[in-house]
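Chain by chain, the residues run as shown.
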Amino acid sequence: MFITRASRHDKADLAEFLGAHGNTDSDVSEGLSYVARDGGIVGCVRLVEVAPETVVVDDVLVAERRRGEGIGRRVIQAAMNAKGGTLYLCCHDDKIAFYSHFGFSEVDFDSMPDEVRAYFERVGDHPTDPGHTHHFLKAR
């Protein structure tokens, strides 16, 4: 398995991978994507720079059959090593501990830069439906 920055030739495979895992509304042409390949794509992350040195981490996904192998950790680390700036992401309760290993900590939605809040609103991560909770995290 290897981790690499996705090229324009990988975009169709990436869209197919995300769609096969229920994520059909991602715009893979936006931002930089990093993929883990073992034959086909088995994991990915997308970084969207919404302002200079202000990056949203989105579409973090590992194929269900490959979870627990460290693929998510490796693809996140590769993306973070390749891109500077302050990173923001949105996740559920069960992922907070995972992201804390990379220096992410919770941040209040209203304290994030306007561009980050606008991104999360545009992609539907905020506001959430009643009973559904999103946590916003920041690193660096």
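Values in this document were obtained by computation on a predicted structure and should not be read as measured data.

## Topic: the pairing of strand S4 (residues 54–62)
Across the 9 residues of S4, 8 count as buried, placing the element largely inside the fold. Summarising the sheet, strand S3 (residues 40–51) and S4 pair through 7 bridges and their orientation is antiparallel. Bridging across to S4, Gly43 finds its partner in Val62. Between the end of S3 and the start of S4, which pair antiparallel, lie 2 residues, with Glu53 showing a positive phi angle near 60°. Alignment of S4 against strand S5 (residues 86–91), held across 4 bridges, turns out to be parallel. Its bridge partner lying in S5, Thr54 is registered against Thr86. The handedness of the S4 to S5 crossover, carried by helix H2 (residues 71–82), is right-handed.

## Things to note about the layout of surface pockets
Put simply, the largest pocket is a space of about 1100 Å³. Lining the largest pocket are 42 residues, with Asn23, Asp59, Val60, Leu61 and Cys90 sitting closest to its centre. Among the secondary structure elements, those contributing two or more residues to the lining of the largest pocket are S4, H2, S5, helix H3 (96–100) and helix H4 (114–122).

Reading the values: the criteria
Residues numbered from 1 in each chain as written. Predicted model: local features only at pLDDT ≥ 70, side-chain atom pairs only at ≥ 80, totals over all residues. Heavy atoms only, no water. Buried < 20%, exposed > 50% of the residue type's maximum accessible area, 1.4 Å probe, protein only. Helix = DSSP H or I, 4+ residues; strand = E, 2+ residues; numbered from the N terminus. Pairing = 2+ DSSP bridges. Right-handed = clockwise from strand over helix to strand, strands pointing away. 1 Å grid on protein atoms, 1.4 Å probe; cavity = no way out; pocket = protein on both sides within 12 Å on 5 of 7 lines; lining within 4 Å. Points joined across faces, edges and corners; volume = space filled by probe spheres on them.

Everything listed is a geometric property; what it means functionally is a separate question.
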